[in-house]
Amino acid sequence: AQSVTQLDSHVSVSEGTPVLLRCNYSSSYSPSLFWYVQHPNKGLQLLLKYTSAATLVKGINGFEAEFKKSETSFHLTKPSAHMSDAAEYFCVVITGRRALTFGSGTRLQVQP
Amino acid sequence: GAGVSQSPSNKVTEKGKDVELRCDPISGHTALYWYRQSLGQGLEFLIYFQGNSAPDKSGLPSDRFSAERTGGSVSTLTIQRTQQEDSAVYLCASSSRLSREAGNEQFFGPGTRLTVL
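Read on for a plain summary of the structure. (Residues numbered from 1 in each chain as written. Chains lettered and ligands numbered in written order. Predicted model: local features only at pLDDT ≥ 70, side-chain atom pairs only at ≥ 80, totals over all residues. Heavy atoms only, no water.)

Looking now at the overall build of chain B. The helix and strand tally for chain B stands at 0 helices and 10 strands. When its helices and strands are written in sequence order, chain B yields β-β-β-β-β-β-β-β-β-β. Relative to the 2.2 N^0.38 estimate, which gives 13 Å for 117 residues, the radius of gyration of chain B is 14 Å and therefore close to what a compact globule would have. Expressed along its principal axes, the backbone C-alpha trace of chain B runs to roughly 45 × 30 × 30 Å. Per-residue burial over chain B gives 47% buried out of 117 residues. Long-range contacts, defined here as pairs at least 24 residues apart, represent 56% of the contacts in chain B between residues at least 6 apart. Each charge class in chain B can be summarised by its mean position, and for the 12 positive and 12 negative side chains these summaries are 1 Å apart. (Helix = DSSP H or I, 4+ residues; strand = E, 2+ residues; numbered from the N terminus. Rg over C-alpha atoms; globule rule 2.2 N^0.38 Å. Buried < 20%, exposed > 50% of the residue type's maximum accessible area, 1.4 Å probe, protein only. Contact = heavy atoms within 4.5 Å. Lys, Arg positive; Asp, Glu negative; His and termini not counted. Charge placed at Lys NZ, Arg CZ, Asp CG, Glu CD.)

Shown next, in the form of structure tokens:
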């Protein structure tokens, strides 16, 4: 069965510093992985997706993620945090039934 | 074009009452999903519709929950005899026909916040 584990429930960074949100996956075959973001009182928005075309995936708002099969990881990064990045981030994998299985989420705080 | 819409945005009901939540997917999307987001449980899959195929109901938590999709478009999630533990945000998502290139991106609605008193 496919699953994802987000290693940090909360991450706090200062504006202008790098962001790292960690995600490990478990899958019996090459997975389809996503990162979604949820801003307060707003819907879920897709940041980026990995579907085996390239291991380094670039998404919206300057975010990117690297698929590392040897480490079973799909960490989300951004070189420089903005205040508007404060939100909850979900690492997601598609299950065999084509529904999404969500990680527990990481709340990102950005300090001025 | 319009995204996924859901109604109502908020619903407060009394324990034991039935509720209906509505989802309008993106026009032309053949797949429709319901998820629930609650404290302590995170985001959980409930049910999946794909075209005219029988729905995948494997995520429904009890037989009080049911959903239908009329004409391959609008979907209604019904919760009978609501309980306090049903309080959550119910999210609907839709996607186009699955293809490896499309990566099965799901587009989410804003959700319905259900509060059972």
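Moving on, we get to the pairing of strand 5 (residues 42-50) of chain B. All names here are of chain B. Among the 9 residues in strand 5, 7 count as buried, and that is most of the element. With 8 bridges joining them, strand 4 (residues 31-38) and strand 5 adopt antiparallel strand pairing. Along strand 5, the bridge assignment pairs Leu32 with Phe49. Hairpin connection between strand 4 and strand 5: a loop of 3 residues separates the two successive antiparallel strands, and Gly40 in this loop has a positive phi of roughly 85°. (Pairing = 2+ DSSP bridges.)

What follows concerns the nonpolar core. Residues and elements named next belong to chain A. Judged by nonpolar contacts, the single largest core of 26 residues is most densely connected at Trp35, Leu48, Leu76 and Tyr89. Top element by residues in this core is strand 10 (residues 87-94). It accounts for 4 residues. Excluding its chain neighbours within four sequence positions, the residues that come into contact with Leu48 are Leu33, Phe34, Trp35, Val57, Lys58, Gly59, Phe63, Glu64, Ala65, Phe74 and Leu76. (Core = buried A, V, L, I, M, F, W, Y, C linked by side-chain atoms within 4.5 Å.)

Applying the stated criterion across every chain yields a total of 14 aromatic pairs over all chains. With 5.6 Å between their ring centres and 40° between their planes, Tyr35 of chain B and Phe108 of chain B make a pair best called tilted. A residue pair is termed long-range when its members are at least 10 positions apart, and Tyr35 of chain B in strand 4 and Phe108 of chain B in strand 9 (residues 107-108) qualify at 73 residues. In this pair, the class of Tyr35 of chain B matches that of Phe108 of chain B, namely buried. Cluster of aromatic residues (ring-pair linked, three or more members): Phe34, Tyr36, Phe90 and Phe102 of chain A together with Tyr33, Tyr35, Phe45, Tyr48 and Phe108 of chain B. (Phe/Tyr/Trp six-rings, centres within 6.5 Å; stacked < 30°, edge-to-face > 60°.)

What follows is about the state of the cysteines. All names here are of chain B. Under the definition given, this model contains 2 disulfides over all chains. Bridging Cys23 to Cys92, the disulfide has an S-S length of 1.8 Å. Its torsion about the S-S bond being -65°, the disulfide of Cys23 and Cys92 is classed as left-handed. Of this pair, Cys23 sits in strand 3 (residues 19-24) while Cys92 sits in strand 8 (residues 88-95); the two residues are 69 residues apart in sequence, bridging distant segments of the chain. For Cys23, a relative accessible area of 0% puts it in the buried group. (Disulfide = S-S within 2.5 Å.)

Bringing the pairing of strand 9 (residues 73-78) of chain A into the picture now. For a regular strand, the rule is simple: side chains alternate between the two faces of the sheet. All names here are of chain A. Two strands pair when backbone bridges link them, and strand 3 (residues 19-21) and strand 9 are joined in this way by 3 bridges, in the antiparallel orientation. Its bridge partner being in strand 9, Leu20 is matched across the sheet by Thr77. Pairing analysis gives 5 bridges linking strand 8 (residues 64-68) to strand 9, with the strands arranged antiparallel. Looking at strand 9, one finds that Glu66 is bridged to His75. The hairpin formed by strand 8 and strand 9 contains 4 residues between the paired strands, and Thr72 there has a positive phi angle of roughly 45°.

Residue and element names in this part refer to chain B. Scanning the entire structure with this criterion turns up 9 salt bridges over all chains. For Glu14, the salt bridge goes to Lys17, with nearest N and O atoms at 3.6 Å. Looking at Lys17, the relative accessible area reads 44%, which means it is partly exposed. (Salt bridge = Lys/Arg side-chain N within 4 Å of Asp/Glu carboxyl O.)

Turning our eyes to something else, we now look at the sheet that holds strand 3 of chain B. Residues and elements named next belong to chain B. Across the sheet, which stays open at both edges, the 4 strands sit in the order 1-3-7-6 with antiparallel pairing between neighbours. Here the strands that pair on one side only, and so sit at the sheet edges, are strand 1 (5-7) and strand 6 (65-69). Strand-to-strand twist of the sheet, defined as the mean angle between neighbouring strand axes without regard to direction, takes the value 15°. (Axes fitted to C-alpha atoms, helices over the stretch in contact; angles between N-to-C directions.)

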